[in-house]
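# Close look at the chain arrangement
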Amino acid sequence: MNGGNDPTHDEAVTVTLNSVRVCIPQYRARHWRLETSRKPIFLTSDAPLVLWRPETPEDAYQGFGLEGAHEIRFPVSPTAQLVLVPGRPGASAEEAKLSRVISCNQDLADSCEQVVIGHPDRHAALDRVQLSKRGPTLRFNTAPGIRKNPDGTEEPMGDILHMYTTRR
């Protein structure tokens, strides 16, 4: 970009916004669900957005992103979280079972950097999560990059670097 020089302000903003545009169809193809709890036991953290899918053997050597996530979770209060799931677009609300909240809280703790936050009157919710001694590890992998052209054809673009964090 920019002949090997640092990007200009306009170029930096354009690259950022273009990456967001690529994600819009992924968000629009999902169903919004509000999960609630009568007790304020949902936790949050310094990395509150949780991409989740069931564990797979591939977790040992590759990550996943928005497209591979079965759920995208975001706690919005001690009694609620938003969850985006594949399916017809729309919205719904449901009360989450205690086991679901505990599982979601553990997934959130597994992906936090340093801090997990809970309601000050609900110590049990914080006591239930297991914190690792170290946060998620940043890992790298290389693979051949493929560029899809506007006409639908594909062409190689050289090796790309895949960065991901471990889940546990």
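Residues numbered from 1 in each chain as written. Predicted model: local features only at pLDDT ≥ 70, side-chain atom pairs only at ≥ 80, totals over all residues. Heavy atoms only, no water.

### Considerations on the sheet that holds strand β5 (residues 80-86)
Pairing within the open sheet is mixed, and its five strands lie in the order β3-β4-β5-β1-β6. Only two strands of the sheet have a single partner each, and these edge strands are β3 (50-52) and β6 (90-95). The average angle at which neighbouring strand axes cross in this sheet is 25 degrees, direction not considered. Where helix α2 (residues 98-111) meets the sheet, it contacts β1 (30-36), β3, β4 (71-77) and β5, and its direction lies at approximately 100 degrees from that of β4. (Pairing = 2+ DSSP bridges. Helix = DSSP H or I, 4+ residues; strand = E, 2+ residues; numbered from the N terminus. Axes fitted to C-alpha atoms, helices over the stretch in contact; angles between N-to-C directions. Contact = heavy atoms within 4.5 Å.)

### Considering empty space enclosed by the protein
This model, assessed by the stated rule, comprises two cavities of 30 Å³ or more. In this model, the largest cavity occupies a volume close to 50 Å³. Lining the largest cavity, in full, are F42, L43, P48, V50, R73, P75, Q81, C104, N105 and L108. When contributions to the lining of the largest cavity are tallied by element, the ones reaching two or more residues are β4 and α2. Examining the composition of the lining of the largest cavity, we find that three residues originate from one element, α2, more than from any other. Approximately 40 Å³ is the volume found for the second largest cavity. As for the second largest cavity, its lining consists of I41, L98, V101, I102, N105, A125, R128 and V129. Of all elements in the fold, only α2 and α3 (123-128) reach the threshold of two or more residues within the lining of the second largest cavity. Among the elements that make up the lining of the second largest cavity, the one with the highest residue count is α2 (four residues). Split into classes, the residues belonging to the lining of the second largest cavity amount to six nonpolar, one polar and one charged. (1 Å grid on protein atoms, 1.4 Å probe; cavity = no way out; pocket = protein on both sides within 12 Å on 5 of 7 lines; lining within 4 Å. Points joined across faces, edges and corners; volume = space filled by probe spheres on them. Nonpolar A, V, L, I, M, F, W, Y, C, P; charged D, E, K, R; others polar.)

### A look at the layout of surface pockets
Of the pockets and cavities examined, the second largest pocket occupies roughly 220 Å³. As for the second largest pocket, its lining consists of S37, R38, K39, I41, E95, A96, K97, L98, R122, A124, A125 and R128. The element best represented in the lining of the second largest pocket is α3, accounting for three residues. Tallied by class, residues from the lining of the second largest pocket come to five nonpolar, one polar and six charged.

### Considerations on the side chain of Q106
Mapped onto the elements of the fold, Q106 is located in helix α2. With sequence-adjacent residues up to four places away left out, Q106 is seen in contact with R128, V129 and Q130.

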